[in-house]
Amino acid sequence: METPHISPRTTHTSRRTLLAFIGAAAVAGPIIATQTATATQTSPRINAGGLDDPAKKEIAMQIVCSAENSSLDWKKQYGYIEDIGDERGYTAGIIGFCSGTGDMLDLVELYTKRKPNNVLAKYLPALREVDGTDSHEGLDPTYTKDWAKAAKDPDFQKAQNDERDRVYFNPAVKQGKTDGIGVLGQFAYYDAIVMHGDGGDSTSFSNIRKRALRSAKTPAQGGDEVTYLNAFLDARVWAMKQEEAHEDTSRVDTAQRVFLKKGNLSLNTPLDWKVYGESFHIG
């Protein structure tokens, strides 16, 4: 079995949407986002409110789901699983755990530790073998059906939530608060780490942040929040363009940039944005 080069967790871009056909999925919420003049700030400020506030976290889950699954209903994605052709094997669940990047293995190990006789436990040897590859060896033909069965188990749903928080959400919020950026900035960090992971490659979250710091200071360093977030989003777009599967940057350009240009640093509703040509609204 030839092993392809796989980044440490640069997952997928649009799950069913981009890799199938950008903009072809059903529209979820027919409100088209409009951009207003860029809000300006004349002095540095520290705006370290929390994306971990339950209401803000729910918004974050919906916005990420709009890009990952062409839907706002993230809680319906526990059972989602398919190979989207991005050389990361199976992509599944609420945050796109991948059989080729290690986070799916970690998830099933956690689930099995908590519930040893679960329906996915028997696939652990195969998941360890395919980690780092796009192979389905030892998983087909029953793994996808058993994943769907497991997804109905509240214990598996909780394991997905817990791994999402441990690996992606909590580190992003913690770094955002350290940098003195508010809810929008913390969300930008979260969306970046979901897609790019935090490995050692040049497009990982930490290196995207380092790239941004070459041209702007964080509020915690005395910089302006809007200036810094623009620099971070510039660095994020650069990272996305390094890989063909991520070259559509609309989840930044017509989503996060829209909120930033409106000066909505706290992600206050209503929110209107577009991803891969689809329009979304949170009232």
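Residues numbered from 1 in each chain as written. Predicted model: local features only at pLDDT ≥ 70, side-chain atom pairs only at ≥ 80, totals over all residues. Heavy atoms only, no water.

Trainee: Explain the nonpolar core residue by residue, including any values.
Mentor: Soluble globular proteins: nonpolar side chains tend toward being buried together. Ranked by internal contacts, the top residues of the largest apolar core, which has 78 residues, are Y143, W147, Y190, F232, L267 and W273. Apart from residues no more than four positions distant in its own chain, W147 is found in contact with Y78, G79, Y80, I81, A92, G93, M104, L107, V108, L120, F156 and Q160. (Core = buried A, V, L, I, M, F, W, Y, C linked by side-chain atoms within 4.5 Å. Buried < 20%, exposed > 50% of the residue type's maximum accessible area, 1.4 Å probe, protein only. Contact = heavy atoms within 4.5 Å.)

Trainee: An account of the pattern of salt bridges is needed here, citing residue identities and associated values.
Mentor: Opposite charge on two side chains makes pairing possible when the charged atoms of those side chains draw close. What the rule picks out here adds up to 19 salt bridges. Between D146 and K149 there is a salt bridge, with its nearest N and O atoms 3.7 Å apart. Note that D146 and K149 are positioned in helix α5 (residues 143–150) at a spacing of three residues, about one turn of the helix. On the basis of relative accessible area, D146 is assigned to the buried category, the value being 7%. (Salt bridge = Lys/Arg side-chain N within 4 Å of Asp/Glu carboxyl O. Helix = DSSP H or I, 4+ residues; strand = E, 2+ residues; numbered from the N terminus.)

Trainee: Tell me about the environment of G89, and name the residues and values.
Mentor: Following the sequence through the fold, G89 ends up in the loop between β1 (81–82) and β2 (91–92). Residue G89 is classed as buried on the basis of its relative accessible area of 0%. Sequence separation of G89 and T133 is 44 residues, and the distance between their C-alpha atoms is 6.8 Å. Excluding residues that lie within four positions of it along the chain, G89 makes contacts with E82, D83, I84, S99, T133, D134 and H136.

Trainee: Which residues make up the sheet that holds β1, and what are the values?
Mentor: Judged by pairing direction, the sheet is antiparallel, and its three strands sit side by side in the order β1-β2-β3 without closing on themselves. A strand with exactly one partner marks an edge of an open sheet, and here the two such strands are β1 and β3 (97–98). (Pairing = 2+ DSSP bridges.)

Trainee: I'd like a description of helix α6 (residues 154–179), backed by residues and values.
Mentor: Over its 26 residues, α6 runs 35 Å from end to end, which matches the ideal 38 Å to within 8%, given 1.5 Å per residue. The sharpest bend along α6 reaches about 50° and sits at D165. Looking at where α6 begins, the residue whose side-chain oxygen comes 2.9 Å from the main-chain nitrogen of D155 is D153. Just beyond α6, the residue with positive phi is G180, at close to 80°. (Expected span 1.5 Å × (residues − 1). Bend = angle between axes of the 7 residues up to and from the residue. Polar contact = N/O pair within 3.5 Å; in protein donor to acceptor, adjacent residues only side chain to side chain.)

Trainee: Could you give me a rundown of empty space enclosed by the protein, with the residues and numbers involved?
Mentor: Under the defined criterion, the tally for this structure stands at four cavities of 30 Å³ or more. Estimates place the volume of the largest cavity at around 40 Å³. The wall of the largest cavity is formed by M61, V64, C65, W74, I94, I95 and Y190. It is helix α2 (residues 54–69) that provides the largest number of residues to the lining of the largest cavity, a total of three residues. Here the lining of the largest cavity is composed, by residue class, of seven nonpolar, no polar and no charged. (1 Å grid on protein atoms, 1.4 Å probe; cavity = no way out; pocket = protein on both sides within 12 Å on 5 of 7 lines; lining within 4 Å. Points joined across faces, edges and corners; volume = space filled by probe spheres on them. Nonpolar A, V, L, I, M, F, W, Y, C, P; charged D, E, K, R; others polar.)

Trainee: Run through the pairing of strand β5 (residues 278–282), naming residues and quoting values.
Mentor: Within β5, four of the five residues are buried, which leaves the element mostly enclosed by the surrounding structure. Hairpin connection from strand β4 (residues 271–275) to β5: two residues lie between these consecutive antiparallel strands, with Y276 at a positive phi of about 55°.

Trainee: So, the packing of aromatic side chains: which residues are in play, and what are the values?
Mentor: Inspection of the entire model under this criterion finds twelve aromatic pairs. Aromatic pair F169 and Y190: ring centres 5.2 Å apart, planes at 80°, arrangement edge-to-face. Of the two residues, F169 is situated in helix α6 and Y190 in helix α7 (residues 183–196); the sequence distance between them amounts to 21 residues. The same class applies to F169 and to Y190, which are both buried. An aromatic cluster of three or more residues is present, and its members are Y90, Y111, Y123, Y143, W147 and F156. Over the face of the ring belonging to F169 we find K57, whose NZ or CZ atom lies 4.6 Å from the ring centre. Above the plane of the ring of W238 lies R211, whose end atom (NZ or CZ) is 3.8 Å from the centre. (Phe/Tyr/Trp six-rings, centres within 6.5 Å; stacked < 30°, edge-to-face > 60°. Lys NZ or Arg CZ within 6 Å of the ring centre and 35° of its normal.)

Trainee: Summarise a negative patch on the surface; cite the residues concerned and give the values.
Mentor: A grouping of D83, E87, D134 and D140 is seen on the molecular surface, where their side chains present a negatively charged patch. Among the structural elements, D134 can be located in the loop between α4 (124–130) and α5. The exposure class assigned to D134 is partly exposed, which follows from its relative accessible area of 31%. (Patch = residues over 30% accessible without salt bridge, like charges linked within 9 Å, V, L, I, M, F, W, Y side chains within 5 Å. Areas by Shrake-Rupley, 256 points an atom, 1.4 Å probe, with all protein chains shown as cover. Lys, Arg positive; Asp, Glu negative; His and termini not counted. Charge placed at Lys NZ, Arg CZ, Asp CG, Glu CD.)

Trainee: Residue-level account of the packing of α7 against helix α10 (residues 250–261), with values.
Mentor: Taken N-terminus to C-terminus, the directions of α7 and α10 make an angle of 165°; their axes are 10 Å apart at the nearest point. As summarised for this structure, α7 and α10 are arranged roughly antiparallel, according to the angle between their axes. At the point where α7 passes α10, the crossing takes the left-handed sense. Taking contact as the criterion, the partners of L184, F187, A188, D191 and M195 in α7 are, on α10, R251, Q256, F259 and L260. (Axes fitted to C-alpha atoms, helices over the stretch in contact; angles between N-to-C directions. Parallel < 35°, antiparallel > 145°, perpendicular 65-115°, else oblique. Left-handed = near helix turned anticlockwise from the far one by under 90°.)

Trainee: Requested: an account of the environment of Y111, with residues and values cited.
Mentor: Here Y111 lies in helix α3 (residues 103–114). What makes Y111 buried here is its relative accessible area of 3%. Sequence separation of Y111 and A150 is 39 residues, and the distance between their C-alpha atoms is 9.7 Å. Excluding anything up to four places from it in sequence, Y111 contacts N118, A150, D153, D155, F156 and A159. At 2.6 Å, the side chain of Y111 forms a polar contact with the side chain of D153.

In short, the description is geometric, and any link to function would need to be established separately.
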